[in-house]
Amino acid sequence: DKPITDIYKFLGNFIIRNERSEQAQVEPLGLDQTLWSSTVLAADSVIGLVVYTGPETRSVINTRQPSNKKGKLDEEVNV
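This is a predicted model, so every value here is computed, not measured.

**Student:** So what's going on with the overall build of the protein? Residues and values would help.
**Tutor:** Broken down by element type, the protein carries two helices and two strands. Along the chain direction, N to C, the helices and strands of the protein fall in the order β-β-α-α. Within the protein, residue pairs in contact and separated by at least 24 positions form 17% of the contacts whose partners lie at least 6 positions apart. Accessible surface, the protein: about 8,400 Å² in total, of which carbon and sulfur atoms supply 51%.

Dropping the structure here:
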């Protein structure tokens, strides 16, 4: 599948394989089962799974240093 650029959509499956049985249990994952990196919990604990989605995700891209922006007038004056 192609990457989804919408950060408000997440589709995945958590597959639980039992060593004694050939059958695997599949649990669907969606946005309702996700926590953002800076989430504050009101509960005592949470059981979680970390999903690495790659270097081109919005949260990773937003942590980069911004580039300096120059206006056209600044470029003309500083020639």
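**Student:** Explain the pairing of strand 1 (residues 12-17) residue by residue, including any values.
**Tutor:** Within a regular beta strand, the side chains point alternately toward one face of the sheet and then the other, so they alternate between its two faces. The pairing of strand 1 with strand 2 (residues 24-29) spans six bridges and is classified as antiparallel. Paired with Ile16 across the strands is Gln25, a residue of strand 2. Linking strand 1 back to strand 2 in an antiparallel pair, the connection comprises six residues.

**Student:** Go over the confidence of the model for the protein with me, naming the residues and quoting the values.
**Tutor:** Per-residue confidence for the protein averages 77 on the pLDDT scale, and 78% of its residues sit at or above 70. Averaged pLDDT values for the elements of the protein fall to 64 in helix 1 (residues 58-61) and rise to 90 in strand 2.

**Student:** Report on a nonpolar patch on the surface, specifying residues and quantitative values.
**Tutor:** Residues Phe14, Ile16, Leu49 and Val51 make up a contiguous nonpolar surface patch of about 340 Å² in total accessible area. Within the secondary structure, Phe14 is located in strand 1. Phe14 sits in the partly exposed class, given a relative accessible area of 36%.

About the criteria used
- Residues numbered from 1 in each chain as written.
- Predicted model: local features only at pLDDT ≥ 70, side-chain atom pairs only at ≥ 80, totals over all residues.
- Heavy atoms only, no water.
- Helix = DSSP H or I, 4+ residues; strand = E, 2+ residues; numbered from the N terminus.
- Contact = heavy atoms within 4.5 Å.
- Areas by Shrake-Rupley, 256 points an atom, 1.4 Å probe, with all protein chains shown as cover.
- Pairing = 2+ DSSP bridges.
- pLDDT = per-residue confidence, 0-100.
- Patch = residues over 30% accessible without salt bridge, like charges linked within 9 Å, V, L, I, M, F, W, Y side chains within 5 Å.
- Salt bridge = Lys/Arg side-chain N within 4 Å of Asp/Glu carboxyl O.
- Buried < 20%, exposed > 50% of the residue type's maximum accessible area, 1.4 Å probe, protein only.

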